[in-house]
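Each chain is listed here by its residues.
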Amino acid sequence: MEVLRSNLGRVRIPEPTNRIYKHECCISFDNPKSEGGLFVDMNAFLAFGKDYVGWNYEKTGNSVYLHIKQTKKTEDAEDRPSKKPTLLAIGIDGGFDNSEPQYEEAYEIVILPDYVTLPFPSVELPEKVRLAVDAVLLAEGAERKEQLASWTADKKLVSKYATDLLQLDNGVVVPPVGWKCAKCDKTENLWLNLTDGTILCGRKNWDGTGGNDHAVNHYRETGYPLAVKLGTITADLEGADVFSYPEDESVVDPLLAQHLAHFGIDFSSLQKTEMTTAERELDQNINFDWNRIQETGEDVEPLFGPGYTGLVNLGNSCYLAATMQVVFSMRSFCLKYYSDQSLKAAFSMAPADPTVDLNMQLTKLAHGLLSGKYSAPVLEKDDTTSAASSPKQEGIRPRMFKSVIAASHPEFSTMRQQDALEFFLHFIDQVERMNSGKPDFDPSRSFKFGIEERLQCPSGKVAYNRRNDYILSLNIPLEKAINKKELAEFQNLKSKKAAEGKELSADEIVRPRVSLKDCLDCFSAPEEVHEFYSTALKARTTAIKTAGLTSFPDYLVLHMRKFVMEEGWVPKKLDVYIDVPETIDISGMRSNGIQPGEELLPDSDAGDGEQSTKLLANEDIVAQLVSMGFNLLHCQKAAINTSNSGVEAAMNWLLENMNDSDIDAPISQNVQNPDIDQSKIDTLVSFGFEEKLACRALKASGGDVERATEWIFSNPSASAASDMDAATSGGAAVDPLLPDGGGRYRLLGFVSHIGTSTQCGHYVAHIHKDGRWVIFNDEKVGVSKNPPLDMGYLYFFERLES
């Protein structure tokens with residue numbers, strides 16, 4: 001007892017705001033049921049398994065721990081009182097099942113480094129210790145609080161702007177397809193403003209990807225509060241993502257159908273006609289999909305050991321489980337977070353709270369999946385007999401990883417089903433941010449590759465535009481189906497049965513079958529680009545665009561665009577099979593840059609009528625700033641240096657730059673020839689842009705990195721000119737930071753989706769390991785007898801070394 005009194009300074013009584021971890025180790029997947037139980041640090045309220053608590057003592061000096069140990073009760077099920085199901089039980093392992101085993105919990109106080117043990121409860125313990133332990137035991141665990149927060153995050157509030165939303169009678173009619181940002185060439189991440197019907201791109205990511213902030217800047221200019229994300233609108237409107245800029249969060253618009261109808265998007269009839277017709281065949285086939293992807297009915301041999309650990313579904317988290325199983329089957333991530341980094345090393349580098357450190361939680365997840373420690377067989381009782389049936393594994397629950405990876409994302413922090421593609425891109429973005437400035441240690445770089453687009457205008461001159469990406473998103477050309485004869489026969493049968501009032505059975509339905517090669521060819525095929533500004537013609541025209549890859553990544557991720565919008569605003573999942581071989585060769589997709597005899601489009605000139613508008617201040621913004629008492633010249637500079645994005649942005653620029661030495665310099669000098677900070681050039685170069693292009697963009701944007709990035713994306717001909725300066729002998733210059741090699745790849749794994757929308761259904765992963773295909777279906781891991789190679793949503797290929 002004396003040793004405890006001498007360590008009372010290391011004991012804290014938790015406050016209501018403290019996060020208390022007592023259900024899982026923060027650096028492993030040990031829990032109170034594990035051998036050795038769990039040790040709760042009575043100063044930091046973090047939990048540690050028996051093999052890791054000593055590390056915490058070495059790092060922090062915290063010596064007093066509450067040891068929690070759970071052992072299974074042996075009483076008969078008939079004597080066990082039924083449990084009332086809770087909100088947290090719905091949709092997760094266990095659910096409403098009242099037959100789960102019960103556990104007895106025992107406690108004791110342990111003092112390190114000598115592991116002195118004292119019983120609890122005990123009246124002999126100091127009062128401070130008794131109060132602290134009681135508070136820990138009574139408190140809701142941080143793990144449970146985070147789960148509850150995820151459930152309540154689903155409940156979006158009704159926007160206060162929805163009921164009286166102003167909608168302009170400006171004649172705008174939104175088509176169901178062919179969307180494009182009104183201010184740039186972005187065709188993804190587009191938002192429809194519900195006041196004026198303008199379609200604009202979303203927020204920009206730190207590396208220049210994503211949107212160009214045009215939607216949020218439009219709000220700053222106009223004050224129009226609500227926008228809906230195109231592509232999330234479904235016939236029942238439940239999945240529509242509506243964002244309120246003044247409220248700064250996703251909201252519910254109870255009048256969304258009415259607001260959409262104002263712009264020609266009418267759902268009143270779709271509920272009963274088109275939507276039902278479009279999805280009828282898919283609904284008939286859903287059980288077939290479900291059984292085939294999950295290999296239901298197959299005698300699947302369970303697998304255990306290193307690399308065969310399942311991930312327990314936390315409640316619609318199968319998108320995360322399937323994606324991370326494939327990611328941690330890749331050499332780059334296995335080396336980074338398992339072979340080359342121990343749990344102790346990650347913990348020593350982690351901040352005071354390792355539960356919020358992505359590096360620590362990735363290392364924890366890697367060791368949980370790859371060590372085999374949590375993949376031992378557990379005998380399962382058969383429902384009808386008392387004899388033990390086939391063994392299964394409990395798997396691990398990636399709660400802390402989900403919490404930290406979702407912390408910066410409003411959707412992934414909820415319990416709703418999500419798109420595996422969006423999660424993969426968000427995950428890669430977070431890993432790249434974490435390793436910013438350390439490309440040699442960044443495992444996400446193994447997915448990164450360059451895309452080069454060639455644009456030719458009617459003048460015969462060409463421009464080249466480059467960007468980097470992590471996935472190759474492929475359209476599926478149904479007209480290239482290789483089973484057209486069978487499809488024709490099926491259509492005849494379908495018509496005949498319809499005339500007889502009969503429905504088709506699942507085994508009679510024939511789906512189009514398209515080869516992966518045709519999907520890849522479709523990516524490189526010529527495409528018309530309308531409203532292209534030609535610096536040779538000094539006018540907007542139609543250009544022809546082709547695309548290729550400037551580098552071949554270590555791992556090539558192919559996304560099959562199975563979810564499309566049909567005419568009449570009918571969302572549809574393409575009912576199609578993709579013939580995917582286990583090896584592919586994309587060498588022919590290599591982009592070779594400028595070719596002999598090609599003439600580049602001239603550089604954009606600041607004096608061109610179309611470009612000069614970028615250097616003129618918006619008169620309304622200037623007038624409002626002047627009315628506030630600011631100097632006219634300063635107001636003009638503020639508007640120009642914020643790309644006329646709005647009064648608020650201009651005012652912020654003014655307040656930040658009032659004391660600049662060149663604030664009173666003439667505008668032409670200030671804008672056309674700013675002193676470019678080399679660090680800003682280096683920042684743009686790190687994004688994958690050429691140095692000459694970075695300089696031009698910064699000069700055209702007043703030295704602002706974000707606006708320079710936007711300028712590059714808005715001026716493909718300028719990008720082409722810079723790129724071609726770097727190209728020699730007709731070859732495309734390759735970013736030396738990007739991995740590159742031959743074009744031959746082997747299929748490593750794929751993620752399949754079951755359901756009518758990415759926001760519902762189920763995701764399953766199949767991975768080629770140790771010379772065989774393995775199915776990862778949440779915590780179930782086993783040998784795959786018939787992997788559904790033709791039903792993938794995301795395909796992951798590993799480059800074969802020459």
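None of these values were measured; they are calculated from a predicted model.

This part covers the overall build of the chain. A count of helices and strands for the chain gives 24 helices and 26 strands. For the chain, with 802 residues in total, the buried portion stands at 51%. Contacts spanning at least 24 positions in sequence make up 70% of the contacts within the chain whose residues lie at least 6 apart. With the model as given, the accessible surface of the chain reaches about 36500 Å², and the carbon-plus-sulfur share is 50%.

Before going further, it helps to spend a moment on the sheet that holds strand β12 (residues 462-469). Pairing in this open sheet of four strands is antiparallel, and the strands run β12-β11-β16-β15 from one edge to the other. Only two strands of the sheet have a single partner each, and these edge strands are β12 and β15 (527-534). Shown here is a sheet whose adjacent strand axes are inclined to one another by a mean of 35°, direction ignored. Of the pairings in the sheet, the one linking strand β11 (residues 449-456) to strand β16 (residues 539-549) comprises six bridges and is antiparallel in character. Each residue of the ladder has a partner; that of E452, found in β16, is G548. Contacts from helix α15 (residues 516-524) reach β11 and β16 within the one sheet, and its direction differs from that of β16 by about 140°.

What follows is about the UniProt feature "active site" (unreviewed entry) in the chain. This chain's UniProt record puts "active site" (unreviewed entry) on C318 and H762. Despite a sequence span of 445 residues, these residues sit close together in the fold, their greatest C-alpha distance being 6.4 Å. Checked against the element boundaries, C318 lands in helix α8 (residues 318-327). You can call C318 buried: its relative accessible area is 2%. By the secondary structure assignment, H762 is in strand β23 (residues 762-769). Look at H762 and you get buried, because its relative accessible area is 8%.

A word on the packing of aromatic side chains. The full count for this structure, using the stated rule, is 19 aromatic pairs. We note K364 situated over the ring of F29; from NZ or CZ to the ring centre the distance is 4.8 Å. Sitting above the plane of the F552 ring, R590 keeps its charged end 4.3 Å from the centroid.

Now for the pairing of strand β8 (residues 226-229). Judged by which residues are buried, β8 turns out to be covered on both faces: L226 and V228 on one side and A227 and K229 on the other are all buried. Where strand β6 (residues 190-193) meets β8, three bridges bridge the pair, whose relative direction is antiparallel. The residue bridging L192 from the neighbouring strand is V228, located in β8. Here three bridges tie β8 to strand β9 (residues 242-244), and the two strands are oriented antiparallel to one another. Each residue of the ladder has a partner; that of A227, found in β9, is F243.

Running from amino to carboxyl end, helix α18 (residues 632-641) crosses helix α19 (residues 647-657) at an angle of 120°, the nearest separation of the two axes being 8 Å. The crossing of α18 and α19 is right-handed. Between α18, through H634, C635, K637, A638, A639 and N641, and α19, the contact on the second element is made entirely by A650, W653 and L654.

This paragraph deals with the environment of G646. The residue G646 is located in the loop between α18 and α19 in this model. Owing to a relative accessible area of 4%, G646 belongs among the buried residues under this scheme. Sequence-wise, G646 and D620 are 26 residues apart; in three dimensions their C-alpha atoms are separated by 9.2 Å. Setting aside its immediate chain neighbours within four residues, G646 contacts E221 and I621.

What follows is about the side chain of D778. Summarising the element assignment, D778 is placed in the loop between β24 (772-777) and β25 (780-783). Salt bridges are absent for the buried D778, whose nearest opposite-charge side chain, K780, sits at 6.0 Å. For D778, the contacting residues outside a window of four places in its chain are G310, L311, N313, C318, A321 and H762.

Another aspect to go through is the sheet that holds strand β4 (residues 103-111). Backbone hydrogen bonds hold the strands of a sheet together, and the pairing may be parallel or antiparallel. Taking strand neighbours across the sheet as the criterion, the five strands line up as β2-β1-β3-β4-β5 in an open arrangement whose pairing is antiparallel. Only two strands of the sheet have a single partner each, and these edge strands are β2 (47-49) and β5 (116-120). Across the sheet, the axes of successive neighbouring strands diverge by a mean angle of 35°, strand direction being ignored. The sheet contact formed by β4 and β5 spans five bridges and is antiparallel. The residue of β5 that forms the bridge with E108 is P119.

Formed by 54 residues in total, the largest nonpolar core has its most connected members in M324, F328, F401, F427 and F447. Per-element tally for this core: the top contributor is α8, with eight residues. Contact partners of M324, with chain neighbours within four places excluded, come to L311, L362, L365, L369, F401, F423 and F427. I20, I27, F48 and V64 belong to the second largest nonpolar core, which has 38 residues in total.

Turning our eyes to something else, we now look at the packing of helix α9 (residues 331-339) against helix α11 (residues 358-370). Where α9 contacts α11, the two axes come as close as 8 Å, and the packing angle between them is 100°. If you check the angle between α9 and α11, you find them roughly perpendicular. Between α9 and α11, the contacting residues are C334, Y337 and Y338 on the first element and N359, L362, T363, A366, H367 and L370 on the second.

In the sheet, β15 pairs with β16 via six bridges, with the strands oriented antiparallel. Among the inter-strand pairings, V529 is bridged to a residue of β16, identified as A543.

As a further point, take the pattern of salt bridges. Applying the stated criterion across every chain, the model contains 28 salt bridges. Among the ionic pairs, D51 bridges to K50, the shortest N-O distance being 3.2 Å. The salt bridge partner of K448 is E432, with a shortest N-O separation of 2.9 Å. On the criterion of sequence distance, the pair formed by K448 in the loop between α13 (420-434) and β11 and E432 in helix α13 is long-range, its members being 16 residues apart. On the accessibility criterion, K448 (10% relative accessible area) is buried. Counted as one network, the salt bridges with shared partners bring together E453, R467, E527 and K545.

To continue, consider α18. Within α18, seven of the ten residues are buried, which leaves the element mostly enclosed by the surrounding structure. H634, C635, K637, A638, A639, I640 and N641 are the residues of α18 that are buried.

The end-to-end C-alpha distance of α11, which contains 13 residues, comes to 18 Å, matching closely the 18 Å that a straight helix rising 1.5 Å per residue would cover. Two residues or fewer past α11, G372 is found with a positive phi of approximately 85°.

Note that the residue after L112, namely P113, is joined by a cis bond; omega there is 15°. Position of P113 relative to the elements: it lies in the loop between β4 and β5. The omega torsion across F120 and P121 is 5°, close enough to zero to call that bond cis. Within the element layout of this structure, P121 appears in the loop between β5 and α3 (127-138). Non-glycine residue F45 carries a positive phi angle of around 60°. Tracing the chain through its elements places F45 in the loop between β1 (38-41) and β2. A positive phi angle, close to 55°, is found at N189, a residue other than glycine.

The rules behind the values
- Throughout, a residue's number is its position along its own chain's written sequence, starting from 1.
- Only residues with pLDDT of 70 or above have their local features reported here, since the model is predicted, and side-chain atom pairs are shown and tallied only from 80 upward, although totals for entire chains, interfaces and linings are computed over all residues.
- Think of the side-chain values as coming from all heavy atoms in the structure, minus any hydrogens and water.
- For the purposes of this entry, the term helix denotes a DSSP run of H or I that reaches at least four residues, the term strand denotes a run of E that reaches at least two, and both are numbered from the N terminus.
- Only protein chains enter the accessibility calculation, which uses a 1.4 Å probe. A residue is then buried if its area is under 20% of the maximum for its type, exposed if over 50%, and partly exposed in between.
- What makes two residues a contact is simply this: any of their non-hydrogen atoms within 4.5 Å.
- For the accessible areas, the method is Shrake-Rupley and the probe is 1.4 Å, while residue cover comes only from the protein chains on display.
- Two strands form a pair only when DSSP identifies at least two bridges running between them.
- Interaxial angle, 0 to 180 degrees, is taken between N-to-C directions of lines fitted to C-alpha atoms, where a helix line uses only the stretch in contact.
- UniProt positions are given in the numbering used here, feature names are shortened, and annotations may be inferred rather than shown by experiment.
- Under the pairing criterion, centres of Phe, Tyr and Trp rings, with the six-membered ring standing for Trp, must be within 6.5 Å; the plane angle then separates stacked pairs below 30 degrees from edge-to-face pairs above 60, leaving the rest tilted.
- Distance and angle both matter: a charge sits over a ring if NZ of Lys or CZ of Arg is within 6 Å of the ring centre and within 35 degrees of the ring normal.
- Take the far helix as your reference; a near helix turned counterclockwise from it by less than a right angle gives a left-handed crossing, and one turned clockwise gives a right-handed crossing.
- For the charge count, each Lys or Arg is scored as positive and each Asp or Glu as negative, with His and the chain ends excluded.
- Salt bridges are defined as contacts in which a side-chain nitrogen from Lys or Arg sits within 4 Å of a carboxyl oxygen from Asp or Glu.
- Here, nonpolar core refers to any group of buried Ala, Val, Leu, Ile, Met, Phe, Trp, Tyr and Cys residues whose side-chain atoms link them within 4.5 Å.
- Here roughly perpendicular refers to angles of 65 to 115 degrees, roughly parallel to angles under 35, roughly antiparallel to angles over 145, and oblique to all remaining angles.
- One fewer than the residue count of a helix, multiplied by 1.5 Å, yields its expected span.

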